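Here is how the chains run, residue by residue.
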Amino acid sequence: MLLLLIAVAGASCGFHLRNAGLNSTQSFYVEGMPYSDPLVLDITKVTATAGGQVTANLAKADGVIHIHRAVANRRGMTLSQFGQTTMYELSYRVVYDIRSKSGEILVPQRDLEVVRDYYNSQTSPLSQAQEEGVIQQEMRVEAAQLLIRQTINALDRKKSQPTQPPAQPQ
């Protein structure tokens with residue numbers, strides 16, 4: 001009885017595994033950034049995990065992710081009694097649009113921003129720098145996941161729209 005209660009509670013709590021529901025066999029072409037850029041590499045990994053692929057051939061792509069810019073930022077928020085910054089706001093901002101492979105804009109230019117607060121106690125500068133790097137990497141992966149979700153949704157909406165037959169001359 002206890003096991004059944006735990007199963008029901010776990011199913012109804014809203015808990016979902018990361019990338020759950022992110023499933024697509026579509027292929028995407030990424031433009032605006034080199035394929036060696038960390039964001040593009042993360043987009044490639046996220047897409048492969050979802051069952052799709054990032055292709056270097058536009059003709060083989062189902063959709064195009066055009067990245068105008070991606071910027072990581074760090075802003076000091078609080079100071080210690082000695083004047084050193086102890087709390088930072090880290091942000092990762094991506095400006096993008098999503099297009100069909102024919103060039104039709106499916107999602108106009110948008111900003112996507114992932115923000116995290118980060119406490120730096122100033123006791124171990126080397127480990128703090130590594131921790132900040134890990135947080136920045138996680139933010140970049142989250143941005144890649146959001147981009148792929150939005151691309152999949154935009155392409156699915158386009159597929160579900162009825163095509164208009166050409167008007168007949170009268």
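Conventions adopted
Residues numbered from 1 in each chain as written. Predicted model: local features only at pLDDT ≥ 70, side-chain atom pairs only at ≥ 80, totals over all residues. Heavy atoms only, no water. Helix = DSSP H or I, 4+ residues; strand = E, 2+ residues; numbered from the N terminus. Buried < 20%, exposed > 50% of the residue type's maximum accessible area, 1.4 Å probe, protein only. Contact = heavy atoms within 4.5 Å. Polar contact = N/O pair within 3.5 Å; in protein donor to acceptor, adjacent residues only side chain to side chain. Salt bridge = Lys/Arg side-chain N within 4 Å of Asp/Glu carboxyl O.

(A) View of the environment of Gln150. Tracing the sequence through the fold places Gln150 in helix α3 (residues 125-160). A relative accessible area of 26% means that Gln150 is categorised as partly exposed. Expressed as a C-alpha distance, the spacing of Gln150 and Ile65, which sit 85 residues apart in the sequence, is 9.9 Å. Ignoring anything within four residues of it in the chain, the contact list for Gln150 reads Tyr96, Ile98, Arg110 and Leu112.

(B) Expanded view of the environment of Glu104. As for its position among the elements, Glu104 is in the loop between β4 (85-100) and β5 (105-119). Glu104 gets classed as partly exposed once you look at its relative accessible area, which sits at 37%. The spatial distance from the C-alpha of Glu104 to the C-alpha of Val64 is 9.7 Å, given a sequence separation of 40 residues. Leave out the neighbours within four places in its chain, and Glu104 touches Ile98, Arg99 and Lys158. At a separation of 3.0 Å, a polar atom in the side chain of Glu104 contacts the side chain of Lys158.

(C) Just the pattern of salt bridges, in detail. If you walk through the whole model with that rule in mind, you get eight salt bridges. A salt bridge links Asp42 to Arg140; its shortest N-O distance comes to 2.7 Å. Taken together, the residues span a long stretch of sequence, with Asp42 in helix α2 (residues 38-50) and Arg140 in helix α3 at a distance of 98 residues. Among the residues examined, Asp42 registers a relative accessible area of 6% and is labelled buried. For Arg140, a relative accessible area of 18% corresponds to the buried category. A salt bridge links Glu104 to Lys158; the shortest N-O distance between them is 3.0 Å. One end of the pair, Glu104, is in the loop between β4 and β5; the other, Lys158, is in helix α3, with 54 residues separating them in the sequence. Using a relative accessible area of 33% as the deciding quantity, one classes Lys158 as partly exposed.

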